[in-house]
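Spelled out, the chains give:
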Amino acid sequence: MKLTLHIWRQKNAGQPGRMARYSVTASEHMSFLEMLDVLNEELTAKGEEPVAFDHDCREGICGSCGFMINGIAHGPQRGTTVCQLHMRKFKDGDVLYLEPWRARAFPVVRDLIVDRSAFDRIISSGGFITAPTGSGPDGNATPVPKTNADLAMDAAACIGCGACVAACPNAAAALFTGAKISHLGLLPQGQPERADRALKMVAQVKEEMFGSCTNIGECEAVCPKEIKLEVIARMNRDYLRASWTARGDTAREDGI
Ligand code: SF4
Ligand code: FES
């Protein structure tokens, strides 16, 4: 199949970017990134700069890849990272517009690559538990209710790709942060730091200049791991309870 690609080209955050037009021939069996590999080989052979895009595992598990395809984060297939998207999803003659994530907290590094280290700083602020060192504990030493184990596992599926931020009109990081707070807050091992974690991670989100969540739901629609909006409710509940406890407002705290 023959495709026309309009791709955002930008040398670095300090220079203006522009859309550049390319033609590429791809097989329907290729992944989307393999199609870009073909384009890059052609550009390199012509002595032109290849298109920079982030990737690592190409199996949908590391969270490195991601850009907008015709305005949709990770492209048209729901629950799929761009590395797992295949060309059979497109047809001969398609015209595709590829752009990097757009968010103030994710500055462009080059072309389709953005700097997502703001996510790392949110995790560093509280997305961990304190565990004793030494040999691993017995597998059944800490019982976990099945419902909580399932919900925690669902939240832990977040790969930190940033699509939720890119799709949100407010560039909010609520789905990502909610997933991390839920994942640990649902497990017994996450209880000692639960209140502190919510306060610190939400404070870091503000510090990084992400927008505020207004319950639009675009994040859930594009999330390749299908993280549910409920994680945001769980984050808000933990945050409110922790704030009220910190202020000594136990009457309100009992209400939730
Ligand atoms: S919540 Fe979904 S879209 Fe957001 S970073 Fe995690 S996996 Fe990516
Ligand atoms: S390259 Fe790892 S998730 Fe896409």
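Now for a look at the structure at hand. The shown structure was predicted, so the numbers you read here are calculated from the model rather than taken from an experiment. (Residues numbered from 1 in each chain as written. Chains lettered and ligands numbered in written order. Predicted model: local features only at pLDDT ≥ 70, side-chain atom pairs only at ≥ 80, totals over all residues. Heavy atoms only, no water.)

Okay, the packing of aromatic side chains next. In this description, a pair of aromatic rings is defined by centroid distance and the angle of the planes. All told, the structure shown has six aromatic pairs when counted by the stated rule. For the ring pair Phe 32 and Phe 67, a centre distance of 6.0 Å and an interplane angle of 50 degrees mean the geometry is tilted. Of the two residues, Phe 32 sits in helix α1 (residues 32-45) while Phe 67 sits in the loop between α1 and β3 (68-69), which places them 35 residues apart along the sequence. Residue Phe 67 is classed as buried on the basis of its relative accessible area, which comes to 1%. On the numbers, 5.2 Å between centres and 75 degrees between planes, the contact of Phe 106 with Phe 119 is edge-to-face. (Phe/Tyr/Trp six-rings, centres within 6.5 Å; stacked < 30°, edge-to-face > 60°. Helix = DSSP H or I, 4+ residues; strand = E, 2+ residues; numbered from the N terminus. Buried < 20%, exposed > 50% of the residue type's maximum accessible area, 1.4 Å probe, protein only.)

This next bit is on a nonpolar patch on the surface. A surface patch of nonpolar side chains, about 240 Å² in accessible area, is lined by Met 19, Val 95 and Tyr 97. Among the secondary structure elements, Tyr 97 is positioned in strand β5 (residues 95-99). With relative accessibility at 38%, the residue Tyr 97 sits in the partly exposed group. (Patch = residues over 30% accessible without salt bridge, like charges linked within 9 Å, V, L, I, M, F, W, Y side chains within 5 Å. Areas by Shrake-Rupley, 256 points an atom, 1.4 Å probe, with all protein chains shown as cover. Salt bridge = Lys/Arg side-chain N within 4 Å of Asp/Glu carboxyl O.)

All right, on to the nonpolar core then. Trp 101, Phe 106, Phe 119, Val 165, Leu 175 and Phe 210 are the most contacted members of the largest nonpolar core, which has 39 residues in total. Broken down by secondary-structure element, the contributors of at least two residues to this core are α2 (117-126), α4 (163-167), α5 (174-185), α6 (194-207), α7 (218-222) and α8 (230-247). Once residues within four sequence positions are removed from consideration, Trp 101 is found in contact with Gly 66, Phe 67, Met 68, Ala 73, His 74, Phe 106, Val 114, Arg 116, Cys 161, Gly 162, Ala 163 and Ala 166. In terms of nonpolar packing, the next biggest core, distinct from the first, is built from 28 residues, Leu 3, Leu 5, Phe 53 and Leu 98 among them. (Core = buried A, V, L, I, M, F, W, Y, C linked by side-chain atoms within 4.5 Å. Contact = heavy atoms within 4.5 Å.)

Glancing now at the side chain of Ser 182. One can find Ser 182 in helix α5. Look past the residues within four positions of Ser 182 in its chain and what remains in contact with it is Ala 155, Val 231 and Arg 234.

In this section: the packing of α5 against α6. Relative orientation and spacing of two packed helices are given, respectively, by the angle between their axes and the distance between those axes. Contact geometry for α5 and α6: axes closest at 11 Å, N-to-C directions at 170 degrees. Taken together, the axes of α5 and α6 are roughly antiparallel relative to one another. In this structure, α5 uses Thr 177, Lys 180, Ile 181, Leu 184 and Gly 185 to contact α6, whose residues at the interface are Arg 194, Arg 197, Ala 198, Met 201, Val 202 and Val 205. Taken together, the residues of the contact of α5 with α6 sort by class into six nonpolar, two polar and three charged. (Axes fitted to C-alpha atoms, helices over the stretch in contact; angles between N-to-C directions. Parallel < 35°, antiparallel > 145°, perpendicular 65-115°, else oblique. Nonpolar A, V, L, I, M, F, W, Y, C, P; charged D, E, K, R; others polar.)

The five strands lie next to each other as β2-β1-β5-β3-β4, forming an open sheet whose pairing is mixed. Two strands close off the open sheet at either side, each with one partner strand: β2 (18-25) and β4 (72-73). Two strands pair when backbone bridges link them, and β3 and β4 are joined in this way by two bridges, in the antiparallel orientation. In the sheet register, Ile 69 faces β4, and the bridge partner there is Ile 72. Here α1 sits on the sheet in contact with β1 (2-9), β2, β3 and β5, set at roughly 100 degrees to β2. (Pairing = 2+ DSSP bridges.)

Close to ligand 1 lie 13 residues; Cys 158, Cys 161, Gly 162, Cys 164 and Cys 223 are nearest. Elements represented by at least two residues in the shell around ligand 1 include exactly α4 and α5. Partitioning the shell around ligand 1 into residue classes produces 11 nonpolar, two polar and no charged. (Near = heavy atom within 4 Å.)

Right, let's get into α2. Among the residues making up α2, those that are buried are Ala 118, Phe 119, Ile 122, Ser 125 and Gly 126. Projection of α2 onto a plane perpendicular to its axis shows the buried side chains occupying an angular sector of 120 degrees, all on one side. Those residues of α2 that are exposed and aimed more than 90 degrees away from the buried face are Asp 120 and Ser 124. Of the surrounding secondary structure, the elements contacted by the buried residues of α2 are α4, α5 and α6. (Arc of directions from axis to C-beta.)

A few words on α5. Every α-helical turn comprises 3.6 residues, leaving residues that sit three or four positions apart pointing alike. Between its first and last C-alpha, α5 extends 15 Å over 12 residues, near the 16 Å set by a 1.5 Å rise per residue. When you tally the buried positions in α5, you get 11 out of 12 residues, the bulk of the element. Within α5, the full set of buried residues consists of Ala 174, Leu 175, Phe 176, Thr 177, Gly 178, Ala 179, Lys 180, Ile 181, Ser 182, Leu 184 and Gly 185. (Expected span 1.5 Å × (residues − 1).)

Among the secondary structure elements, Met 153 is positioned in helix α3 (residues 146-156). Look at Met 153 and you get exposed, because its relative accessible area is 62%. The sequence separation of Met 153 and Ala 242 amounts to 89 residues, and the corresponding C-alpha distance is 24 Å.

Once that is clear, we can look at the pattern of salt bridges. Under the definition given, this model contains 11 salt bridges. Among the salt bridges present, the one from Arg 58 reaches Asp 37, with a minimum N-O distance of 2.9 Å. In this pair, Arg 58 is assigned in the loop between α1 and β3 and Asp 37 in helix α1, connecting sequence segments 21 residues apart. Salt-bridge contacts for Arg 110 lead to Glu 49; the nearest nitrogen and oxygen are separated by 3.1 Å. Separated by 61 residues along the polypeptide, Arg 110 in strand β6 (residues 108-110) and Glu 49 in the loop between α1 and β3 bring together distant segments of the chain.

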